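Chain and residue survey
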Amino acid sequence: MLPPAAGPRLHRRRRLLVRLVVAFLALQLVVATFIGSLRWWAPPRTAFMLESGEPVVYQYASLDHVSRYLIAAVIAHEDQQLGTRSGAFSVSQLRSRTWAYVTGQPDPAGSTIPQQLAKNIFLWPHQDPARKAIEAALASEMSWSLPPQRLMELYVNYAQFGTGLYGICAASWYYFGEPPWSMTQYQADQLMGVLPDPDRVRRAAGGGLDLGPQADPQAVDLINGAANVHVPTELEGMGGWQAAVATIGIHDTAATHAAGASSADACSTMPQSVAQRLAQS
């Protein structure tokens, strides 16, 4: 027989377990609903933006009005399997990255676009096991819920391209003085070198990315390496930019959508936040 006090204690533990399970399922439902809403809704701010502590320079742009050179460069540089992989990442990739982290070795492969997107929207920048585990779960949910084109659209809108500078709309106007549909292949490739360490990058006095003697040497190496070596090489291996964007189901160009250039999400004019940043520089 159980001692007299054991029955109530066991009952309390069962109630606590039920409450925890219910809370977990409720949280799962909220997260799934939020991620599902990303098919048609884009948050005006992300966790990364809010945590940066910097004035945010940002404006949303539809993927229809983004240069296909930029989309191809992102695929080549960040995640070549975005449109062909089942899930947010491969098991072997996750295993090798986990082992590298545990043993203190360099990361053998960067995060996939779903992983980076989950981090940018929901999480914090510091590398730690808890964040990586949550990131993997959220990235998997996003990969199952959102098609590759939508993942790409959200990624290019939330990627950081400088201190407090987010999204391709703001980046294109800030660095090049043009809307994102006008971006050249070389400009797109250069921006891929900004992504690994955006806080090191500066705008050149006359426009463009600063590659001069006063620029951060590491930023210069990253930008030149991406634009002159890595992205062109990877795109050539994929069969060119047209073949790269076709992997996520894009078979047109931004010019195809020129009739919608006056829409609010076309980024056809310089965002006010970009103009303010330029006036302060």
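Here the structure is a predicted model, which is why all the values come from computation and not from measurement.

Moving on: the overall build of the chain. When you go through the chain residue by residue, the secondary structure sums to twelve helices and three strands. Burial statistics for the chain: of 281 residues in total, 45% are counted as buried. In the chain, the proportion of contacts linking residues at least 24 apart, taken out of those at least 6 apart, comes to 71%. Of the roughly 14,300 Å² of accessible surface on the chain, 59% is carried by carbon and sulfur atoms.

Our next topic: the side chain of E78. Mapped onto the secondary structure, E78 falls in helix 3 (residues 68–78). No salt bridge forms around the buried E78; measuring N to O, its nearest opposite-charge neighbour K119 is 8.1 Å away. At 3.4 Å, the side chain of E78 and the side chain of Y155 are in polar contact. E78 has contacts with S111, I113, Q116, Y155 and L195, leaving out every residue within four places of it along the chain.

Let's shift gears to helix 7 (residues 148–158). The buried fraction of helix 7 is high, at nine of eleven residues. Every buried residue of helix 7 is accounted for by R150, L151, M152, E153, L154, Y155, V156, N157 and Y158.

So, on to the state of the cysteines. By the definition in use, this model includes one disulfide. The disulfide bridge from C169 ends at C267, spanning 2.0 Å between sulfur atoms. In this structure, the disulfide formed by C169 and C267 twists by about 85° around the S-S bond and is classed as right-handed. A residue pair is termed long-range when its members are at least 10 positions apart, and C169 in helix 8 (residues 167–176) and C267 in the loop between helix 11 (241–246) and helix 12 (272–280) qualify at 98 residues.

Turning to the packing of aromatic side chains, a few remarks are in order. One pass over the structure, following the stated rule, counts six aromatic pairs. Measuring from centroid to centroid gives 5.0 Å for Y174 and Y175, while their planes differ by 70°, and the two rings are edge-to-face. For the pair formed by Y174 and Y175, the shared burial category is buried. In textbook terms, an aromatic cluster arises when at least three aromatic residues are bridged by ring pairs, as seen for F34, W41 and F122.

Reading the values: the criteria
- Residues numbered from 1 in each chain as written.
- Predicted model: local features only at pLDDT ≥ 70, side-chain atom pairs only at ≥ 80, totals over all residues.
- Heavy atoms only, no water.
- Helix = DSSP H or I, 4+ residues; strand = E, 2+ residues; numbered from the N terminus.
- Buried < 20%, exposed > 50% of the residue type's maximum accessible area, 1.4 Å probe, protein only.
- Contact = heavy atoms within 4.5 Å.
- Areas by Shrake-Rupley, 256 points an atom, 1.4 Å probe, with all protein chains shown as cover.
- Lys, Arg positive; Asp, Glu negative; His and termini not counted.
- Salt bridge = Lys/Arg side-chain N within 4 Å of Asp/Glu carboxyl O.
- Polar contact = N/O pair within 3.5 Å; in protein donor to acceptor, adjacent residues only side chain to side chain.
- Disulfide = S-S within 2.5 Å.
- Phe/Tyr/Trp six-rings, centres within 6.5 Å; stacked < 30°, edge-to-face > 60°.

That's the geometry; what it means functionally is another story.
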